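Observations on chain architecture
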Amino acid sequence: MTLLDETPSGAHDARGRVAELHAIREQVRRGPSDRATEAQKAKGKLTARERIALLLDEGSFNEVEPLRRHRATGFGLEAKKPYTDGVITGWGTVEGRTVFVYAHDFRIFGGALGEAHATKIHKIMDMAIQAGAPLVSLNDGAGARIQEGVSALAGYGGIFQRNTKASGVIPQISVMLGPCAGGAAYSPALTDFVFMVRDTSQMFITGPDVVRAVTGEEITQNGLGGADVHAETSGVCHFAYDDEETCLAEVRYLLSMLPSNNRENPPAAESDDPAERRGDVLLDLVPADGNRPYDMRKVIEELVDDGDMLEVHERWATNIIVTLARLDGQVVGIIANQPQSLAGVLDIEASEKAARFVQMCDAFNIPLVTLLDVPGFLPGVDQEHGGIIRHGAKLLYAYCNATVPRISLILRKAYGGAYIVMDSQSIGADLTYAWPTNEIAVMGAEGAANVIFRKQIAEADDPEAMRASMVKEYKAELMHPYYAAERGLVDDVIDPAETREVLIRSLAMLRTKHADLPSRKHGNPPQ
Ligand SMILES: CC(=O)SCCNC(=O)CCNC(=O)[C@H](O)C(C)(C)COP(=O)(O)OP(=O)(O)OC[C@H]1O[C@@H](n2cnc3c(N)ncnc32)[C@H](O)[C@@H]1OP(=O)(O)O
């Protein structure tokens, strides 16, 4: 079968051929059948082309290999050779900057990946890496195309290999817009950001039927791998939305904060928010009493340009906040303890969340601003047995390895190992500031007094009075706000109201920072 066999015109003059081309293009644009389109819509999903149109600037899409078809045989495949082979690939622009995209067409073999389909994706990934432009995948596919057997599996291998090669070179964003099983779930896991849509997208290695057969557990597709599960429980997805339109608009927003590749800086934006704007409200937002909770998100909103921020992993590991934001138009990555969730302690998930974010920012030249208010690592058998040592070490490793500008600010308390890990000067922060409310110490005064004055307290006539007096002494000696500044371990103690201006001035100075790590193949980070 040739293209010409299927087109209405038999003409062989130039005009006839052009008319034929347009007829073929129309066939490609329409897709396999109206019935398949209706079925897609009935599931509450857009078509692949509608999604691409929402993602890219209007009229900017250039399709690559729209006429591609598979050459597989058996299981009736000879008679079913739709154009595109179930994936639409190409490039366009987002706010004028080049972005590569591939979108599974669920209407064709359920978006399942065969050999031709895979090589189209490989080609577009290679182009994105060579052009140094982000890659966005719009996923709506049933995994390996069962009829193509090992050829389909090999196709996935080629994608994983390229995902890994592109890691830290170009931003890779996976948008999950349908059921993504098996191989279709692993590629997103290798990328920088995963977006999901509630109810219509799921990710799992094996679906509910296999789970039931192997473990006897009964669960729905959404219960196993829906957007809320991955946004709140597993941490597999970074962003979850109610509909595809909002989801794709947020992908555009994220792209506006990322550089095209690791050799560029993130795009700067105009800001109407004065750099020297005072934040007098900050003193009201943060209670001086270290045991009282508050919402760190409000502090961040007050500091950044007109609240311009995109929080990552908003609902997973909520005891730490990681967010992209702008300060005087420049993109920064903010990592902040959240005192209103688990008192802002560091635990396994918070360490993993922050470590990945620090690593991503470092790869894409995004300066780090760390806001500390942390009582320490979470004690407990679960945490120790769950490997808090190696998970906490991931965060330490990520910071120690980061060569981008790094500024840390201690708002209130910063105790023990958590103080060191959260970008202390000793692990390489370029500038460290503290508010006059800061308490940097090995631990809280109560705990410290109980350990070092145990004997005196036990032997005292009035142990409680002795304990209170020792706590007071410890606080006066070691926990006054200027102790660290006197030793050069914080660069300055600042008025909270001036925080925004201090951060902006410091980031401006650090913009030309250059730092190299020793030559090596790669490090061996804790896993
Ligand atoms: C390495 C790996 O990737 S292993 C994983 C291999 N993939 C799988 O096991 C998934 C198998 N598929 C499924 O479980 C389901 O099709 C789901 C959950 C993905 C989607 O379910 P539904 O939305 O109900 O769609 P439905 O099952 O009708 O599939 C749509 C079409 O895609 C086809 N299809 C689905 N999965 C595949 C596949 N993996 N290979 C080839 N065709 C497939 C279906 O036969 C159907 O074709 P038709 O329209 O001609 O009848």
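Residues numbered from 1 in each chain as written. Predicted model: local features only at pLDDT ≥ 70, side-chain atom pairs only at ≥ 80, totals over all residues. Heavy atoms only, no water.

1. Here's the deal with the nonpolar core
Note the following rule: By nonpolar core is meant a set of buried Ala, Val, Leu, Ile, Met, Phe, Trp, Tyr and Cys residues that side-chain atoms within 4.5 Å join together. Accessibility here uses a 1.4 Å probe with only protein chains present; expressed as a share of the type maximum, an area under 20% marks a residue as buried, one over 50% as exposed, and anything in between as partly exposed. In DSSP terms, a helix is any run of H or I states spanning at least four residues, a strand is any run of E spanning at least two, and both are numbered starting from the N terminus. Note that the domain bounds reflect an automated or database-derived domain assignment.
By size, the foremost hydrophobic cluster in this structure holds 62 residues, and its most contacted members are Ile173, Val175, Phe195, Leu324 and Ile335. The dominant element in this core, judged by the number of residues it contributes, is helix H14 (residues 348–363), at seven residues. Summarising the domain contributions, this core has at least three residues from each of domain 1 (44–255) and domain 2 (282–443 + 481–510). Within the second largest apolar cluster, 30 residues are counted, among which are Val299, Val332, Leu503 and Ile504.

2. Here we look at the packing of helix H6 (residues 149–166) against helix H7 (residues 183–190)
For the record, the criterion: What counts as an axis is a line fitted to C-alpha atoms, over the stretch in contact for a helix, and the angles between N-to-C directions run from 0 to 180 degrees. Angle categories: roughly parallel below 35 degrees, roughly antiparallel above 145, roughly perpendicular from 65 to 115, and oblique for all the rest. By the convention used here, residues are in contact when the closest approach between their heavy atoms is within 4.5 Å.
Running from N to C, H6 and H7 cross one another at 10 degrees; their axes reach a closest spacing of 9 Å. With respect to H7, the element H6 is oriented roughly parallel. Contact with H6, carried on its side by Tyr156, Ile159, Phe160, Asn163 and Thr164, involves Gly183, Ala184, Tyr186, Ser187 and Leu190 of H7 and no other residues of that element.

3. A closer look at the environment of serine 469
With respect to the secondary-structure elements, serine 469 resides in helix H20 (residues 463–478). For serine 469, a relative accessible area of 35% puts it in the partly exposed group. Considered as a pair, serine 469 and isoleucine 457 are 12 residues apart in the sequence and their alpha carbons are 9.7 Å apart.

4. Considering the packing of aromatic side chains
The following threshold applies: Geometry of aromatic contacts follows a simple scheme: Phe, Tyr and Trp rings, the Trp one being its six-membered ring, pair when their centres are within 6.5 Å, and the pair is stacked under 30 degrees between planes, edge-to-face over 60, tilted otherwise. Geometrically, a lysine NZ or arginine CZ counts as sitting over a ring once it is within 6 Å of the ring centre and also within 35 degrees of the ring normal.
Under the counting rule described, the total for this entry stands at six aromatic pairs. On the basis of an interplanar angle of 40 degrees and a centroid distance of 6.4 Å, the ring pair of tryptophan 91 and phenylalanine 100 is categorised as tilted. Residue class for tryptophan 91 comes out partly exposed when judged on its relative accessible area of 33%. Their ring planes at 20 degrees and their centres at 5.8 Å tell us that tyrosine 156 and phenylalanine 160 sit as a pair that is stacked. One end of the pair is tyrosine 156 and the other is phenylalanine 160, both in helix H6 and four residues apart, which spans about a single turn. Looking at phenylalanine 160, the relative accessible area reads 22%, which means it is partly exposed. By way of ring pairs, the aromatic residues Phe193, Phe195, Phe239 and Tyr241 are connected into one cluster. Residue placement shows lysine 45 over the ring face of phenylalanine 106; its charged tip is 4.0 Å from the ring centre. Looking at arginine 487, its charged tip hangs above the ring of tyrosine 483, at a distance of 3.6 Å from the centre.

5. Brief notes about the domain arrangement of the protein
Here is the rule: Accessible area that two parts lose when put together, evaluated with a 1.4 Å probe and summed over both, is termed the buried area. By salt bridge we mean one thing: a side-chain nitrogen of Lys or Arg within 4 Å of a carboxyl oxygen of Asp or Glu. Each polar contact in these results corresponds to two N or O atoms within 3.5 Å; when the atoms are within protein, one needs to be able to donate a hydrogen and the other to accept it, and residues that are neighboring in sequence are counted only if both atoms are side-chain atoms.
As far as domains go, the protein holds domain 1 (44–255), domain 2 (282–443 + 481–510) and domain 3 (445–478). Of the residues lining the interface, five residues belong to domain 2; the matching set on domain 3 comes to six residues. Together domain 2 and domain 3 conceal approximately 440 Å² of surface at their shared face, both sides included; 57% is due to carbon and sulfur atoms. Seen at the junction of domain 2 and domain 3, the total is zero salt bridges. At the surface where domain 2 touches domain 3, the tally comes to zero residue pairs in polar contact (both at pLDDT 80 or more).

6. Topic: the UniProt feature "domain: CoA carboxyltransferase N-terminal" (unreviewed entry) in the protein
As a reminder, the rule being used: UniProt positions are given in the numbering used here, feature names are shortened, and annotations may be inferred rather than shown by experiment.
Here the UniProt-annotated "domain: CoA carboxyltransferase N-terminal" (unreviewed entry) positions come out as residues 14–270. Overall, residues 14–270 shows 43% helix and 17% strand. The separation of its end C-alpha atoms is 51 Å.

7. Notes on the pattern of salt bridges
Across all of its chains, the model carries 38 salt bridges by this definition. As a salt-bridge pair, glutamate 244 and arginine 51 come within 2.8 Å of each other at their nearest N and O atoms. Taken together, the residues span a long stretch of sequence, with glutamate 244 in helix H11 (residues 244–255) and arginine 51 in helix H4 (residues 48–55) at a distance of 193 residues. Among the residues examined, arginine 51 registers a relative accessible area of 0% and is labelled buried.

8. Quick notes on the side chain of asparagine 163
You can see asparagine 163 is positioned in helix H6. Looking at asparagine 163, its side chain comes within polar contact range of the side chain of glutamine 172, at 2.8 Å. A distance of 2.7 Å separates polar atoms of two side chains, one belonging to asparagine 163 and the other to serine 187. For asparagine 163, the contacting residues outside a window of four places in its chain are Met125, Gln172, Ser187, Leu190 and Thr191.

9. Here's the deal with unusual backbone geometry
One non-glycine residue, threonine 84, lies in positive phi territory at about 80 degrees. In this fold, threonine 84 is placed in the loop between strand E1 (62–64) and strand E2 (87–94). On the basis of relative accessibility, which here comes to 2%, the residue threonine 84 falls in the buried class.

10. Observations regarding H6
Definition in use: By this rule the span expected of a helix is its residue count minus one, scaled by 1.5 Å. As used here, the arc belongs to the directions running from the helix axis to the C-beta atoms.
Given a rise of 1.5 Å per residue, 18 residues ought to cover 26 Å, and the 27 Å separating the end C-alpha atoms of H6 matches this to within 8%. By the burial criterion, the buried members of H6 are Ala152, Gly155, Tyr156, Gly158, Ile159, Arg162, Asn163 and Ala166. Angular distribution of buried residues about the axis of H6 spans 155 degrees; they occupy a single face of the element. Residues Val150, Leu153, Ala154, Gln161 and Lys165 are exposed on H6 and point more than 90 degrees away from its buried face. Looking at the buried positions of H6, the neighbouring elements they touch are strand E3 (97–104), helix H5 (115–131), strand E5 (172–176) and H7. Just downstream of H6 lies glycine 168, where phi reads positive at about 80 degrees.

11. Quick notes on a nonpolar patch on the surface
Selection criterion: In this scheme, patches are assembled from residues that exceed 30% relative accessible area and form no salt bridge. Like charges are connected within 9 Å, while nonpolar side chains (Val, Leu, Ile, Met, Phe, Trp, Tyr) are connected within 5 Å. Throughout, the Shrake-Rupley method with a 1.4 Å probe supplies accessible areas, and for residues the shown protein chains are the sole cover considered.
Taken together, Val442, Met443, Val451 and Ile452 make up a surface patch of nonpolar side chains, about 360 Å² in accessible area. When you line up the elements, methionine 443 lands in the loop between strand E16 (439–441) and helix H18 (445–452). Look at methionine 443 and you get partly exposed, because its relative accessible area is 33%.

12. Notes on the environment of valine 194
If you trace the backbone, valine 194 turns up in strand E7 (residues 193–197). With 230 residues separating them in the primary sequence, valine 194 and serine 424 have C-alpha atoms 30 Å apart. Discounting residues that sit within four places of it in the chain, valine 194 has contacts with Ser174, Met176, Pro188, Met203, Val236, Cys237, His238 and Phe239.

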